[in-house]
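A closer look at the structure
Each chain, letter by letter, is given below.
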Amino acid sequence: MYWKKLKALGAGSYGTVFLATPKDGSSTFVAVKSAEVKDSSSLSMEGGILDALKESPYVVQCFGEDVSVENGKHTYNLLLEYAVGGTLHDLINIYSKCKTMVEESKVAYYAFQLLTGISHVHRKGFIHCDLKPSNILVFPTIDDEYGSIVDVRLKLADFGLSLRTVENETHTYWDRGSKKCRHHRGTLLYASPESVARGIHGKAVDIWALGCIVVEIITGRRLWSCHESVDDLDFKITHEEPVIPSNVSNICKDFLVKCFEKDHNWRWTADMLLNHPFIKNATSGKYHPEDHGLISNNKVIINPFSHCESWVCKQHLFSTCFHLPSSDNFRSRYANFPAENAQRRITEAPNYSLPLWTLLYASPESVARGIHGKAVDIWALGCIVVEIITGRRLWSCHESVDDLDFKITHEEPVIPSNVSNICKDFLVKCFEKDHNWRWTADMLLNHPFIKNATSGKYHPEDHGLISNNKVIINPFSHCESWVCKQHLFSTCFHLPSSDNFRSRYANFPAENAQRRITEAPNYSLPLC
């Protein structure tokens, strides 16, 4: 069965969402998030996250992924359930236009659903990082007898900016629009103080965003709706206290206080908030154990693509041309994203621009799908060896960045002809296209190309810090610690207090080195 896209429902940073239906004329509808294959790494990772979160009825369901040739372009499609009710942003606008205040009990019920989804996301080891009303989908439950809406199910969606859970990890990115280094990821109006001020992204950022959403449901206005500029908004988030609505109960106010705790270490978690009286009192009688299953109107959600053999669909459901490449070859080249490898596809910020001299050493899986494992270093080693042999970079002949992208992902590296067969075999092992089969560093150390050339030259003591059989002496050994307090290169006489100077400018202890290693997401975020 083939499908057709009827209309665009919306567009984001990583793709366009379409309404789609089967070509056979049936009344089944799905949402399809699409992007060109060459730009689909983030969309693919979102699919992996959604597959890992599929057990929750409060997270949008993903049925799989498809690659089709649409109007001559290879297009990656993420197959999602269609939200008839639109987004929570649409629902809030309806209340605002009707000048109707949402009942507090209903606000609590909405918050309960969002918290249940957030709790599931956090338990699975993810942080959403971009919670806002437009990223929450609305699924109304219709009474078939009277044709009226009897309930509303909210589901978390759009996990394109999500992170793996790493406590207190920091992330920064360069905002090319404002030419400034910014810390937070997601939409600034819903960003937490710690993410804006220090780039800290833990589970607590989603709780702060939840508080912003609850305020918006109650008032019909965004929490920080009055600001003059991005810098002004930055200042308000980091230095001012959020204004909690006055026309709500004390229990609701206390709930929001728990969400807006400035110290993220003390901010309540999703599980703690689910036991808050604001939630417990309003949801008694509405919450049922079966809600933990994939149900809709007490029926299991049916996968309209169940005829597909696996998570990755091979059938080119949306293709607009007749002559298609071989399914297996097409899949292996463009859509080999099995769900079991989802964790390996989830990177901190795959969508940044690398300078050419870095891209020249990038591996196919990192360029095409954002996969960064140990194998990327082995591919880069092969590039370096070729450059040592020939004096030229492996991909020195290319016309543009896009051309270089294509060469890396689709062409085979040219191995020098003027070397031995053993050397050629060594490079073949480095340039294995499938990163799962690429040799490791330890395996390559036992390759004949290395063993033969280093016999008699390699000694066990080379693993230590030695030079001419002597231990390398640290010329700064008089310093008390990794961070030197003595201002060795200062050119002025009056220096600030050592401790103060160190804490302000050089507080980078070695034990926190891992926390300083980020992947520098390089994208510009809209205000809303």
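Note that the structure is a prediction, hence the values are computed from the model and not measured.

Another aspect to go through is the environment of serine 40. Mapped onto the elements, serine 40 comes out in the loop between strand 3 (30-36) and helix 1 (41-52). What makes serine 40 buried here is its relative accessible area of 1%. When the C-alpha positions of serine 40 and glycine 15 are compared, they lie 7.9 Å apart, and in sequence the two are 25 residues distant. Engagement of the side chain of serine 40 in a polar contact is seen with the backbone oxygen of valine 37, the distance being 2.7 Å.

This next bit is on the packing of helix 2 (residues 88-97) against helix 5 (residues 204-219). Between helix 2 and helix 5, whose axes approach to 9 Å, the crossing angle comes to 30°. In this view, helix 2 runs roughly parallel relative to helix 5, as classed from their interaxial angle. Here Leu88, His89 and Ile92 of helix 2 lie close against helix 5, whose contacting residues are Ile213, Glu216 and Ile217.

For helix 6 (residues 230-239), the complete set of buried residues consists of Leu233, Asp234, Lys236 and Ile237. The buried residues of helix 6 all sit within an arc of 165° when viewed along its axis, so they share a single face.

Going through the model one piece at a time under the given rule, you end up with 14 salt bridges. Residue glutamate 55 pairs with lysine 124 through a salt bridge whose shortest N-O separation is 3.5 Å. Taken together, the positions of glutamate 55 in the loop between helix 1 and strand 4 (62-70) and lysine 124 in the loop between helix 3 (104-123) and strand 6 (126-127) put the pair 69 residues apart, joining distant regions of the chain. Residue classification places glutamate 55 among the partly exposed positions, given a relative accessible area of 48%. Residues glutamate 240 and lysine 236 are paired through a salt bridge, measuring 3.8 Å at the closest nitrogen-oxygen approach.

What follows covers the UniProt feature "binding site: ATP" (unreviewed entry) in the chain. The sites that UniProt annotates as "binding site: ATP" (unreviewed entry) are Lys33. Exposure remark for lysine 33: the relative accessible area of 8% places this residue in the buried category. Leaving out residues up to four positions away in the same chain, lysine 33 has contacts with Thr16, Val17, Leu43, Glu46, Tyr76, Asn77, Leu78, Leu80 and Asp158. A polar contact is formed between the side chain of lysine 33 and the side chain of glutamate 46, at a distance of 3.0 Å.

Let us look at the packing of aromatic side chains. Two aromatic rings are characterised by how far apart their centres lie and by the angle between their planes. Inspection of every chain in the model, using the stated rule, returns 6 aromatic pairs. Geometrically, the ring pair formed by tyrosine 109 and phenylalanine 112 is stacked, given 6.3 Å between the ring centres and 15° between the ring planes. Residue tyrosine 109 and its partner phenylalanine 112 are both found in helix 3; the two are separated by 3 residues, about one turn of the helix. With respect to burial, tyrosine 109 and phenylalanine 112 carry one shared label: buried. An aromatic cluster is present here, built from Tyr58, Tyr109 and Phe112 joined pairwise through their rings. If you follow lysine 258 out to its NZ or CZ, it ends over the ring of tryptophan 268, 5.2 Å from the centre.

For helix 16 (residues 421-430), the complete set of buried residues consists of Cys423, Phe426, Leu427, Lys429 and Cys430. Seen end-on, helix 16 carries its buried residues on one side only, within an arc spanning 155°. Of the surrounding secondary structure, the elements contacted by the buried residues of helix 16 are helix 14 (375-390), helix 17 (441-445) and helix 18 (448-454).

Turning our attention to the packing of helix 3 against helix 5. The geometry of helix 3 relative to helix 5 is characterised by a closest axis approach of 11 Å and an angle of 160° between their N-to-C directions. If you check the angle between helix 3 and helix 5, you find them roughly antiparallel. The handedness of the crossing between helix 3 and helix 5 is right-handed. Along its contact with helix 3, which presents Val107, Tyr110, Ala111, Leu114, Leu115, Ile118 and His122, the element helix 5 presents Asp206, Ile207, Leu210, Ile213, Val214, Ile217 and Ile218. Each residue belonging to the contact of helix 3 with helix 5 can be placed in one class, and the counts come to 12 nonpolar, 1 polar and 1 charged.

Right, let's get into the nonpolar core. Counting residues in each nonpolar core, the largest one holds 73 residues, and the members touching the most others are Leu115, Leu210 and Phe255. Split by domain, the residues of this core number at least three in each of domain 1 (3-81) and domain 2 (86-284). Non-local contacts of leucine 115, meaning those with residues more than four positions away in its chain, are made with Ile207, Leu210, Phe255, Ala270, Leu273, Leu274 and Ile279. Grouped together as the second largest cluster of nonpolar side chains are 20 residues, Ala362, Val386, Leu394 and Leu404 included.

Parameters and conventions
- Residues numbered from 1 in each chain as written.
- Predicted model: local features only at pLDDT ≥ 70, side-chain atom pairs only at ≥ 80, totals over all residues.
- Heavy atoms only, no water.
- Helix = DSSP H or I, 4+ residues; strand = E, 2+ residues; numbered from the N terminus.
- Buried < 20%, exposed > 50% of the residue type's maximum accessible area, 1.4 Å probe, protein only.
- Polar contact = N/O pair within 3.5 Å; in protein donor to acceptor, adjacent residues only side chain to side chain.
- Axes fitted to C-alpha atoms, helices over the stretch in contact; angles between N-to-C directions.
- Parallel < 35°, antiparallel > 145°, perpendicular 65-115°, else oblique.
- Contact = heavy atoms within 4.5 Å.
- Arc of directions from axis to C-beta.
- Salt bridge = Lys/Arg side-chain N within 4 Å of Asp/Glu carboxyl O.
- UniProt positions renumbered as here; feature names shortened; annotations may be inferred.
- Phe/Tyr/Trp six-rings, centres within 6.5 Å; stacked < 30°, edge-to-face > 60°.
- Lys NZ or Arg CZ within 6 Å of the ring centre and 35° of its normal.
- Left-handed = near helix turned anticlockwise from the far one by under 90°.
- Nonpolar A, V, L, I, M, F, W, Y, C, P; charged D, E, K, R; others polar.
- Core = buried A, V, L, I, M, F, W, Y, C linked by side-chain atoms within 4.5 Å.
- Domains from an automatic or database assignment.

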